[in-house]
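Summary of structural features
Given next are the chains, with one letter for each unit.
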Amino acid sequence: MKLYPLFADLRGRAVLVVGGGVVAERKVAALLEAQALVRVAAPVLSSVLTAWADAGRIAVNRGRFVDTLMDDVWLVIAATSDKTLNARIAALGETRRIFVNVVDDASLSHFHVPAVIDRSPVTVAISSGGEAPMLARLLRERLEVWLDHAWGPFAALLGRTRDAIRARYRDPAARRRFYERVLSGPVLDRLRAGRSHEAEQWIDEALSGQPPSAAGEVILVGAGPGDPGLLTLRGLRALNEADVILHDRLVSDEVLALARRDAERIEVGKEAGNHHATQDTIHALMLRHAREGKRVVRLKGGDPFVFGRGGEELEMLREHGIAYQVVPGITAALACAAYAGIPLTHRHYASSARLVTAHSQLSNDALDWRALAQERQTLAVYMGVSELKNLQTRLIEHGRAGHTPFALVENGSRKAQRVVIGTLDQLDQRARDYAVRSPALLILGEVAALAERLAWFGDAPLGAETADSPRRNDTTVVSLAAQA
Ligand code: SAH
């Protein structure tokens, strides 16, 4: 290590920044965060710096740089594009023993500014010793994900209880064991769930000698539609910390591959028509593992609260006094629309979108067909593959035009994605022609016509009138625009 790392307390101390551009602006912002007294020397200032000067947050010297500007400052940052000036400032710092950083010039700098992850009061600073700043930045990005925002309050909580912990565990080894237990316990997780009082309570109980209960917990996690890039960071964390993962069949292998290696995985796929029995089994599994004190992830395709029975599962957990959290996921309607190039709402074509399910006669009869058949709205129909004929007939019966465009998105966001397009009067036939299989989502409405032009993922949509007569789509779009 050729650099000595240190964290400087700059509160109320004068720091000079030479330069008035956006780079200087960034440096000033960080210095202000650290409550330094910032002086900026530059003939011209960026608009943000000007605003800060007007607000009295920084002092400004608009003349040319003169040596006396360095008279009584603790640190200097040279952020000018003038190499000679930068070198002069560095040399001045050398003779006056003032630390100077020349932005993007490691050889002239007396100190480096690290890449930082701010989880106040915890700060992680990364340096590559000036060799590879880009690498330090990339590392920072990785760590940003891992070191989520609960770490700040976590450290603050430990700070508040530090004296009590010292008093209770005088022996450093015992204290260390205590901290290890805190780290592997549920405190961080309680903070993530926004339950700081429970986190504090856990620590209090641990300090008062009662062994804190090892209560298990169930986290409902939305896995998204398949593309692992659409999993949330919070979902990823839950998968990394899970002891048991109960997942639907709909969850893609790529998402499952992100889970902790030694987590127990149980597929709880649901057979169509056999929902009830399986749902009971799922409930029983969740209860059993949570009661054993395990961290259970209930991983569901898309979002847990969109046709996912998440509500029922929470009711059940609540009845049995099991703690739970919910992590939303990208639901199929949003994902399929995005990956097929179909905006669900559009100023010109649709002012609302509805998420509908049509998987049984029962739910079909309960639907308000007249409302569903209205123009200028988009229907996103889940679980409808076997019901397309019925859907087509009923919607047309209730007034939806036969020429309303649709897109059927099969395996949305996955490598195997296929998009079949057409008009409502062709819906059932097209689905048969192309042998569309579950999971598939139907998007019906004026916006679906955009798929042909805006598609970007995977293969071009199937069922377009043919590549050399693209007029159908154009006229559709034109006539829609005329309607709007
Ligand atoms: N909770 C899930 C939906 C469960 S219902 C969500 O929010 O997405 C299952 C139905 O969702 C499927 O029958 C299908 O209509 C739709 N679906 C889920 N994933 C899909 C995907 N990758 N592509 C197309 N449709 C999908």
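One can find the structure itself at the top, above this paragraph.
As a starting point, this report considers the structure included with it. Position numbers for residues start from 1 in each chain and track the written sequence from start to end. Local features in this predicted model are restricted to residues whose pLDDT is 70 or higher, and side-chain atom pairs enter the listing and the counts only when it is 80 or higher, whereas totals over whole chains, interfaces and linings include all residues. The basis for the side-chain values is all heavy atoms of the structure; hydrogens and waters are excluded.

What about the packing of aromatic side chains?
Each aromatic ring pair is characterised by the separation of its centres together with the angle its planes make. Note the following rule: Put simply, two rings from Phe, Tyr or Trp (the six-membered ring, in Trp's case) pair if the centres are within 6.5 Å, and we call them stacked under 30 degrees between planes, edge-to-face over 60, tilted for the rest. Throughout this description, buried means an accessible area under 20% of the type-specific maximum (1.4 Å probe, protein chains only), exposed means over 50%, and partly exposed covers the range between. Geometrically, a charge over a ring is one whose NZ (Lys) or CZ (Arg) sits within 6 Å of the ring centre while staying within 35 degrees of the ring normal.
Applying the stated criterion across every chain, the model contains 8 aromatic pairs. Measuring from centroid to centroid gives 6.1 Å for Phe178 and Tyr179, while their planes differ by 70°, and the two rings are edge-to-face. Exposure remark for Phe178: the relative accessible area of 3% places this residue in the buried category. Here the aromatic residues Trp146, Trp151 and Phe154 are joined through ring pairs into a cluster of three or more. Across from the ring centre of Tyr169, 4.7 Å away, lies the NZ or CZ of Arg168, which sits over that ring.

Here we look at the environment of Val113
Put simply, the rule reads: Secondary structure elements follow DSSP: runs of H or I of four or more residues count as helices, runs of E of two or more count as strands, with numbering from the N terminus.
You can see Val113 is positioned in the loop between strand S5 (99–102) and strand S6 (115–119). Judged by its relative accessible area of 44%, Val113 falls in the partly exposed class. As a C-alpha pair, Val113 and Ser127 span 14 residues in sequence and 7.9 Å in three-dimensional space.

Regarding helix H2 (residues 47–54)
Cut-off, in case you're wondering: It is the directions from the helix axis to the C-beta atoms whose arc is reported. Contacts were defined at the residue level, with two residues in contact if any of their heavy atoms lie within 4.5 Å.
Residues of H2 that are buried: Leu49, Trp52 and Ala53. One face of H2 carries all of its buried residues, which in axial projection span an arc of 100°. Relative to its buried face, H2 has exposed residues pointing more than 90 degrees away, namely Ser47 and Asp54. Residues of H2 that are buried sit in contact with helix H1 (22–33) and strand S3 (59–61). Remark: Gly56 follows H2 within two positions and exhibits a positive phi of approximately 75°.

Structural notes on the nonpolar core
Keep this limit in mind: Put simply, buried Ala, Val, Leu, Ile, Met, Phe, Trp, Tyr and Cys residues joined by side-chain atoms within 4.5 Å make one nonpolar core.
Formed by 23 residues in total, the largest nonpolar core has its most connected members in Phe154, Phe178, Val182, Val187 and Ile203. Considering each element in turn, this core owes the most residues, 5 residues, to helix H9 (residues 196–207). Residues in contact with Val187, not counting those within four places in the same chain, are Phe154, Leu157, Val182, Ala199, Trp202 and Ile203. Among the nonpolar cores identified, the runner-up in size contains 21 residues, and Ala42, Trp52, Ile58 and Val103 belong to it.

What about the pattern of salt bridges?
Quick reminder of the rule: For this analysis, a salt bridge means a side-chain nitrogen from Lys or Arg found within 4 Å of a carboxyl oxygen belonging to Asp or Glu.
Scanning all chains against the criterion turns up 28 salt bridges. Arg192 serves as the salt-bridge partner of Asp148, at 2.9 Å between the closest nitrogen and oxygen. Placement of Asp148 in the loop between helix H4 (133–146) and helix H5 (151–160) and of Arg192 in helix H8 (residues 187–192) is noted, with a sequence separation of 44 residues between them. Its relative accessible area of 15% is what places Arg192 among the buried residues. We note a salt bridge from Arg260 to Asp262, for which the minimum N-O separation is 2.8 Å. Since its relative accessible area comes to 58%, Asp262 is described here as exposed. By sharing partners, the salt bridges in this structure join Asp148, Asp189, Arg192, Arg237, Glu241 and Arg295 into a single network.

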